[in-house]
Amino acid sequence: MLELRLIGVHDDGENLVLESADGTRFLLPIDANLRTSITKARRIQPARGLGAKGTYGPRDIQTRFRQGASVEEIAEESGWEPERVRRYEWPIVAERAHIIRAAQSVKIGRRSSASGTAQIPVTLSARIEEVSERYGFEEATQDWTTRQQENGQWRVELDIALKDSVRQNLPAQVVFPARWVYNPANQGLYASNEAAYFLMGNSEDAVAAAAKKAPVEVPPARLPKAPEPAPAPLTSSESA
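Since the structure is predicted, the reported quantities are computational estimates derived from the model, not experimental observations. (Residues numbered from 1 in each chain as written. Predicted model: local features only at pLDDT ≥ 70, side-chain atom pairs only at ≥ 80, totals over all residues. Heavy atoms only, no water.)

On to unusual backbone geometry. With an omega of 10°, the peptide bond between F176 and P177 qualifies as cis. Relative to the helices and strands, P177 is located in the loop between α7 (164-167) and β8 (178-183). (Helix = DSSP H or I, 4+ residues; strand = E, 2+ residues; numbered from the N terminus.)

Using the criterion set out here, one finds seven salt bridges in the structure. In this structure, E77 and R64 form a salt bridge, with 2.9 Å as the shortest nitrogen-oxygen distance. Linking E77 in helix α3 (residues 71-78) with R64 in helix α2 (residues 58-66), this pair joins segments that are 13 residues apart in sequence. Using a relative accessible area of 1% as the deciding quantity, one classes E77 as buried. For the salt bridge of E157 with R155, the shortest nitrogen-to-oxygen distance reads 3.1 Å. Here the salt bridges share partners, and the residues they tie into one network are R147, R155, E157 and R179. (Salt bridge = Lys/Arg side-chain N within 4 Å of Asp/Glu carboxyl O. Buried < 20%, exposed > 50% of the residue type's maximum accessible area, 1.4 Å probe, protein only.)

This paragraph deals with the sheet that holds strand β9 (residues 188-191). Taken in spatial order, the four strands line up as β6-β7-β8-β9 in an open sheet, and their pairing is antiparallel. The sheet is open, and its two borders are formed by β6 (142-148) and β9, each paired with just one other strand. Sheet twist, expressed as the average angle between the axes of neighbouring strands with direction ignored, equals 25°. Taken together, the four bridges between β8 and β9 define a ladder with antiparallel strand orientation. Opposite Y182, over in β9, you have L189 as the bridge partner. Each of β6, β7 (154-160), β8 and β9 touches helix α6 (residues 124-135); the most contacted strand, β6, lies at about 145° to it. (Pairing = 2+ DSSP bridges. Axes fitted to C-alpha atoms, helices over the stretch in contact; angles between N-to-C directions. Contact = heavy atoms within 4.5 Å.)

Structure representation (structure tokens):
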């Protein structure tokens, strides 16, 4: 069995970085299964009362709902009855819906106004509408979901049910669901995969095509300047 040690969290915030003895590094997705395993490993106290498996409280239940766990999963982890767990679900469902609306409202660019005399901001929702109309899937069903990460930021996902005829016209790298990381503290929104870049109008294919049409000219390298000769020493008459 290969032994790995934990290096830390990847820059994307969605994977753990592991390293073997020979220096080879691996990425481990931070998914629901990993969170569940960590939660179970933290249960160091004995069971309390009938049906209790740990030290879960209302805040723990709400945290797991924010992380995307279902009622059944939380009931299995906590030992609570499903009906008791479900009491804490709806406030978090409303909170997650608010996070999705906030992420959709983030301004990600600008476009010219109808008169062409001004630039108006474009939100993520408006840009997705533009892209969907351009590629012919504006009527497709959109499924938005979100869950909170360990660092307090939110992972926002959008899955779109596309027809095969539409899918063939998309860049090959675009695979749904699209994923973003949303930070409510500064309203920052960061694309996590190619589908997210595509819906924001920043696909790698478009960037590559633009680079071919307008190649960047590299200025010639400058040679280092030769050192200036030292001034000749002054004669006695010149010094006077």
